[in-house]
Amino acid sequence: MSDKVIVRIERSDGPGHPSRWEEFQVDRRPNANVISVLMQIQRNPVTTEGKTTTPPAWDAACLEEVCGSCTMLINGKVRQACSALIDKLSQPVTLQPMKKFPLVRDLTVDRQKMFDALKRVRAWVPIDGTYDLGPGPKQSPEVTELRYVLSTCMTCGCCLEVCPQVAPGTAFLGAAAISQVRLFNSHPTGAMNASERLHGLMGEGGVADCGKAANCVDACPKGIPLTSSIADMARETTKQALKDWFLRDERKGGAGPAG
Amino acid sequence: MAERYIVVGGGLAGLMTVIKLAEAGKHVDVFSIVPVKRSHSVCAQGGINGAVNTKGEGDHPDIHVKDTLKGGDFLAEQPPVKGMCYAAPQIIYLLDRMGVPFNRTSEGLLDFRRFGGTLHHRTAFAGASTGQQLLYALDEQVRRYEHDGLVRKYEYWEYLSFIKDEQGACRGIAALELRTMEIEAFAADAVCLATGGPGIVYGRSTNSTINTGSANGRSYMDGAIYANAEFVQVHPTAIPGEDKHRLMSESARGEGGRVWVPKQKGDKRRGKDIPENERWYFLEEKYPRYGNLVPRDVGSREIFAVVKDLGMGVEGQDAVYLDVSHIPAAILDRKLGGIMEIYEKFQGVDPRHEPMKIFPAVHYSMGGLWCDYEADAKNDMVPGSPRQQRTNIPGLYAAGECDYAYHGANRLGANSLLSCIYAGMIAGPAMISYARNNMKAKGDVPGSLLAAGKKQWDERFNAIYRMSGPENPYVIGQQMGDLMIKSATVVKSNAQLDVALGEIQRLKESWKRCNVLDTGRTVNQSAAYVNQLWNMLEIAHLILKASRLRDESRGSHYKPEFVLPKPKTAKPTDDAEFMAAWKARNDRWLRNSMGTWTPEGPRVEFQELQSLKNPILAPEPRHYD
């Protein structure tokens, strides 16, 4: 094994700026990962050709694959840089920013649309308040275990990056937000507002836009059953649409108590 | 005109503060260097404490208070600890109502597990990523308020400093947009800092890269008192890494994990091939009652002694075994899945079948911004008092790891998520009371004050962009980390601290010869880092100075030169000689170190605890064997 690591980074000074490749060579350290290599470059930002450059910009925080920050394309595959161990990567290691999100600079992109999608689908349990209102509803361990897995989504963007339905100009929400609807609709209190969230999944960019490529479930670093979530929510939105149609008179008012 | 509130930091403490403000109908601006969902609270693994007493053990908030105070060797003001422990069960219920997928019993109730420094099952948990799950729950509630127009998020904005008026009160903040590098000043009637701990001052720790402590460092430079800086917790069990040390949660031991080394020094066999009778379970042997669940400072010291003093580390390395391989894999996946994955992913070894190699790593700062509290004669916290969580700067509040308040000289596991949320719960109402009391008297924040705040920082950053010296700031940061690891972790000595105090001055001089590395105005991370680095150097300096001055051993702060003799009786209180020495030590050192910034360096004064005049619990010797 070589005692050096060669890294090629696709860089750009921002949207509208041309991109360029820069190559770096650093000493191979035990247990190195892509983050530790980027840190080595920060301490000596000189390319293989000997040109002094600026340290590449990248996002990072937890470095243990629970925050989602450091997602990028590593040897062409979208994943977190912190869990990308150098010993398991072929060289040269190529690093690129995710392509389905607006570029900010170098390896940093803007994933705001994922957080906006969480607003659209109302991904929360609407509690009455933070006062002392006693224990929550009882839940079976089985339901909680499924909800836990769904709830480990760290909004990293891998599922959007690999989705053929997500491209500049398309409105598809993507698997992450759809799966969050399943998470909240399976909570006893959250279920009371299930239809609100399902409506968030209907219409333009909603669950019907899924092309069933199923790339998302393979790309998810947390092993979230995204395709099951999508199938489940597709069924539920269909039921909701029928219910909306049958109950259209009620909705216009007249029946039931006001409010 | 409506009041304006600013919360800096979007971890558990910050978001809970935001929720309390928004719930009262207040408009809040929340500033965070990362999208709040990516804050460091996600790293907390094991759980959150609350004496809910569902296991028939007779647990009670009073016992939680006692465990917490004793765990911190009584260096915490007592009423806030009592308030926290009494609020804990309802906080856990609240999180459950928000939808946190806590592990459940077969009856569908919340499950609880053991943690360090207590003999009760008191820790609610969501797998082994409880912090992530709690943060997401609060993030969701804040998103709801954002959707309703009460909360405005400024993500990718870094706090630079608070803005002070002529009377010395906080009237807003200056902040840097980390993408466009624009600097702006924002007015506020009250500001809460919830900016976390300073782990990155140590280079590599269990902390996220964002935990620079920069906001605290700068606030300290601007007059906020930073208390008990010398108390930095070293967690016994982490996986050493090149970029960071990854935590292996205390819950591994809470669920039955055992710490051991081979009895034969330098044994070359794989851990799983070493028979039971050739393993030395040194914690269980020395601490029969608490076993592997001694408090963290005790655990880290014992591991250090085994590895450094006895040379008994696994294969001669800086490592001991943390073993969960005797626990059925299905239980491990259900209760510890998150950390099983981390070990497997980062070490390439399956901890379900082989013991893990771990070593202590810097983890948590008990010290932080000093803040006040108000309690009644019964030592109950006064609801809505503007003094709760308020720093010595009027209008400036602190909550979460960035405050100094709840953990004394050593934090118990699973008390941090709790203290973050509790501090946020009382900081919000306190800020509202403060603003209401002061708005009329103070009026609107003068535009000139904001303009001056912005101008100061524009000039500072223009100077940073011009820095073209020979020193790489990241190399200085690495040197600072190495120095701090060597001088201020598990075992401290005055000789080494004296050396370190000289070294830190030298690093401060090097900072002045920094090269900014990048003069651009788009995501210029190195310019932001150069600014953070100075603030980190100030915190590092204070940690070293306070460590040097505290000539005793208490909790995480341990100097072999100043250790009490071992009591000669089973119950320490029966040994009169020991008790006399213990009392003399407390008379001198059961005090908060109060750090004030001066241009010549940190000034540290030791101040008696207010609550010891009328304590809930009289201090007692801290023993776990």
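Use the structure listed above.
About the criteria used
- Numbering of residues starts from 1 in each chain and follows the order in which that chain's sequence is written.
- The naming scheme follows written order: chains are lettered A onward, ligands numbered 1 onward.
- Reporting of local features is limited, given that this is a predicted model, to residues whose pLDDT is at least 70; pairs of side-chain atoms are given and counted only at 80 or more, and all residues count toward the totals for whole chains, interfaces and linings.
- With hydrogens and water stripped out, all remaining heavy atoms of the structure feed into the side-chain values.
- Secondary structure elements follow DSSP: runs of H or I no shorter than four residues count as helices, runs of E no shorter than two count as strands, and numbering proceeds from the N terminus.
- The reference for a compact globule is 2.2 Å times residues^0.38; the radius of gyration itself is calculated from the C-alpha atoms.
- With a 1.4 Å probe rolled over the protein chains alone, any residue whose accessible area is under 20% of its type maximum counts as buried; one over 50% counts as exposed, and the rest are partly exposed.
- Per-residue accessibility takes into account occlusion by the displayed protein chains alone, with areas from the Shrake-Rupley method and a 1.4 Å probe.
- Pairing between strands is defined by DSSP: at least two bridges between them are needed.
- Polar contacts, as counted here, are pairs of nitrogen or oxygen atoms within 3.5 Å of one another; within protein the pair requires one atom able to donate a hydrogen and one able to accept it, and residues that are adjacent in sequence qualify only if both atoms are side-chain atoms.
- Here a residue-residue contact requires only that any non-hydrogen atoms of the pair lie within 4.5 Å.
- Any Phe, Tyr or Trp ring, taking Trp's six-membered ring, that has another such ring centre within 6.5 Å forms a pair; planes under 30 degrees apart are called stacked, those over 60 apart edge-to-face, and the others tilted.
- Axes here refer to lines fitted to C-alpha atoms; in helices the fit is confined to the stretch in contact. Angles between the N-to-C directions go from 0 to 180 degrees.
- To form a nonpolar core, buried Ala, Val, Leu, Ile, Met, Phe, Trp, Tyr and Cys residues must be joined to one another through side-chain atoms within 4.5 Å.
- Note on terms: buried area is the combined drop in 1.4 Å-probe accessible area of two parts once they are placed together, counting the loss on both.
- One speaks of a salt bridge when a side-chain nitrogen belonging to Lys or Arg is within 4 Å of a carboxyl oxygen belonging to Asp or Glu.

Asker: Let's hear about the overall build of chain B: which residues, and what values?
Answerer: In terms of helices and strands, chain B carries 15 helices and 21 strands. Taking 25 Å as the expected radius of gyration for a compact globule of 625 residues, we find that chain B reaches 24 Å, a close match to that expectation. Counting only C-alpha atoms, chain B reaches 75 × 55 × 50 Å along its principal axes. Per-residue burial over chain B gives 68% buried out of 625 residues. Summed over its atoms, the accessible surface of chain B is roughly 20300 Å², and 50% of this surface lies on carbon and sulfur atoms.

Asker: An account of the pairing of strand β21 (residues 603-608) of chain B is needed here, citing residue identities and associated values.
Answerer: Residues and elements named next belong to chain B. Judged from the 6 bridges that link them, strand β20 (residues 591-596) and β21 form a sheet pairing that is antiparallel. Its bridge partner being in β21, N592 is matched across the sheet by Q607. Counted between consecutive antiparallel strands, the loop separating β20 from β21 contains 6 residues, among which G601 sits at a positive phi close to 130°.

Asker: Talk me through the side chain of S487(B); I want residue IDs and the actual numbers.
Answerer: Residues and elements named next belong to chain B. With respect to the helices and strands, S487 occurs in helix α12 (residues 473-487). S487 sits in the buried class, given a relative accessible area of 1%. One polar contact links S487 to Q496, side chain to side chain, over a distance of 3.0 Å. With residues up to four places along the chain from it excluded, the contact list for S487 reads K492, Q496, L497, A500 and L544.

Asker: I'd like to hear about the packing of aromatic side chains, residue by residue, with values.
Answerer: All names here are of chain B. Overall, the coordinates contain 20 aromatic pairs over all chains when judged by the stated rule. Between Y474 and Y529, the aromatic rings sit 4.4 Å apart at their centres with planes inclined by 15°, giving stacked as the arrangement. Separated by 55 residues along the polypeptide, Y474 in helix α12 and Y529 in helix α14 (residues 525-549) bring together distant segments of the chain. Each member of the pair, Y474 as well as Y529, is classed as buried. Taking 5.1 Å as the distance between ring centres and 85° as the angle between the ring planes, the aromatic pair formed by W589 and F606 counts as edge-to-face.

Asker: Any details on the sheet that holds strand β14 (residues 258-262) of chain B? Residues and values, ideally.
Answerer: Strand pairing in a sheet relies on backbone hydrogen bonds, with the paired strands running either antiparallel or parallel. Residue and element names in this part refer to chain B. Here we have 6 strands laid out as an open sheet, ordered β13-β12-β17-β16-β14-β15, and antiparallel in their pairing. The open sheet has two free edges, formed respectively by β13 (246-247) and β15 (279-280), since each of these has just one partner strand. With 3 bridges joining them, strand β16 (residues 320-323) and strand β17 (residues 356-365) adopt antiparallel strand pairing. The residue of β17 that forms the bridge with Y321 is K357.

Asker: I'd like to hear about the sheet that holds strand β6 (residues 151-155) of chain B, residue by residue, with values.
Answerer: Residues and elements named next belong to chain B. One open sheet accounts for 5 strands, arranged β6-β2-β1-β10-β19; its pairing is parallel. Each edge of the open sheet carries a strand with a single partner, namely β6 and β19 (396-398). Shown here is a sheet whose adjacent strand axes are inclined to one another by a mean of 20°, direction ignored. As judged from the 4 bridges shared by strand β1 (residues 5-8) and strand β2 (residues 28-32), these two strands associate in the parallel manner. Bridge assignment links V7 to a residue of β2, and that residue is V30. Its contacts with the sheet place helix α1 (residues 12-23) against β1, β2, β6 and β10 (190-193), and it is angled at close to 160° to β1.

Asker: A description of the nonpolar core should follow, citing residues and the corresponding values.
Answerer: The biggest cluster of nonpolar side chains holds 135 residues, and the ones touching the most others in it are V34(A) and L95(A). Among all residues touching L95(A), those that are not within four sequence positions of it are V7(A), R8(A), I9(A), E10(A), W21(A), V34(A), L38(A), M72(A), L73(A), I74(A) and L107(A).

Asker: Describe the interface of chain A and chain B, naming the residues involved and giving the relevant values.
Answerer: Every contact between the two is made by 78 residues of chain A and, on the other side, 69 residues of chain B. In this assembly, chain A packs against chain B so that about 6100 Å² is buried in total across both faces, 50% of it on carbon and sulfur atoms. Counting across the chain A and chain B interface gives 7 salt bridges. The closest approach of N and O atoms between K119(A) and E146(B), which form a salt bridge, is 3.6 Å. Counting across the chain A and chain B interface gives 37 residue pairs in polar contact (both at pLDDT 80 or more).

Asker: So, unusual backbone geometry: which residues are in play, and what are the values?
Answerer: Phi is mostly negative for residues that are not glycine, and the peptide bonds are mostly trans. Residue and element names in this part refer to chain A. Put simply, Q91 and P92 share a cis peptide bond, and its omega is -5°. Of note, P92 is situated in the loop between β4 (77-80) and β5 (93-96). Even without being a glycine, E65 presents a positive backbone phi close to 60°. Relative to the helices and strands, E65 resides in the loop between α1 (34-43) and β3 (71-74). At T155, a residue that is not glycine, the phi angle is positive and equals roughly 55°. When you line up the elements, T155 lands in the loop between α3 (141-151) and α4 (158-161).

Asker: Before we move on, could you go through the pattern of salt bridges and cite the residues and values that matter?
Answerer: Residue and element names in this part refer to chain B. Here the structure, examined in full by the defined rule, presents 77 salt bridges over all chains. Residues D297 and R301 are paired through a salt bridge, measuring 3.3 Å at the closest nitrogen-oxygen approach. Of this pair, D297 and R301 both sit in helix α8 (residues 296-309), 4 residues apart, which is roughly one turn of that helix. You can call D297 buried: its relative accessible area is 5%.

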